Amino acid sequence: MTEQPPTLQNPSVIQGSKPRYEIHVDDSGEPAGKTYFTDHESVQGVHQRIFPHTEVGEEFGGHGLASTLVRRALDASIAQGYRIVAVCPYVKGWLEKHPEYQEHVDPTTPEHLQALQNR
């Protein structure tokens, strides 16, 4: 059976070749949105995934794509064993609205901000 191409109503979220997750709404290969991440190991040896920025193209606004993108990116990261560090204002706000994720979240520290500068 052939897999259906992604649509606005049924988007596809993939981990891209760069350190980011992408949301696709057609088979053009161009993402409608992206959320970037940097993997980091804390001084205590905790594997963390820092999310500094999320963007969705203006032409795709109002369809819930950013929420879908962030949920699937966080779910995949947690499944891979990462703790979440939200620097991106959108990801922070999303996490505030979804308290069920709080057990997987670490607060942002200067160490995380330095890791972003060094990438």
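Residues numbered from 1 in each chain as written. Predicted model: local features only at pLDDT ≥ 70, side-chain atom pairs only at ≥ 80, totals over all residues. Heavy atoms only, no water.

This paragraph deals with the sheet that holds strand β4 (residues 47-56). Pairing within the open sheet is mixed, and its five strands lie in the order β1-β2-β3-β4-β5. In this open sheet, the two edge strands, each paired with only one partner strand, are β1 (12-15) and β5 (83-86). On average, each strand axis in the sheet is inclined to that of its neighbour by 25°, with strand direction left out of account. Of the pairings in the sheet, the one linking β1 to strand β2 (residues 20-24) comprises four bridges and is antiparallel in character. In the sheet register, isoleucine 14 faces β2, and the bridge partner there is glutamate 22. Those strands touched by helix α2 (residues 89-97) are β3 (33-41), β4 and β5, and its axis lies near 120° from that of β5. (Pairing = 2+ DSSP bridges. Helix = DSSP H or I, 4+ residues; strand = E, 2+ residues; numbered from the N terminus. Axes fitted to C-alpha atoms, helices over the stretch in contact; angles between N-to-C directions. Contact = heavy atoms within 4.5 Å.)

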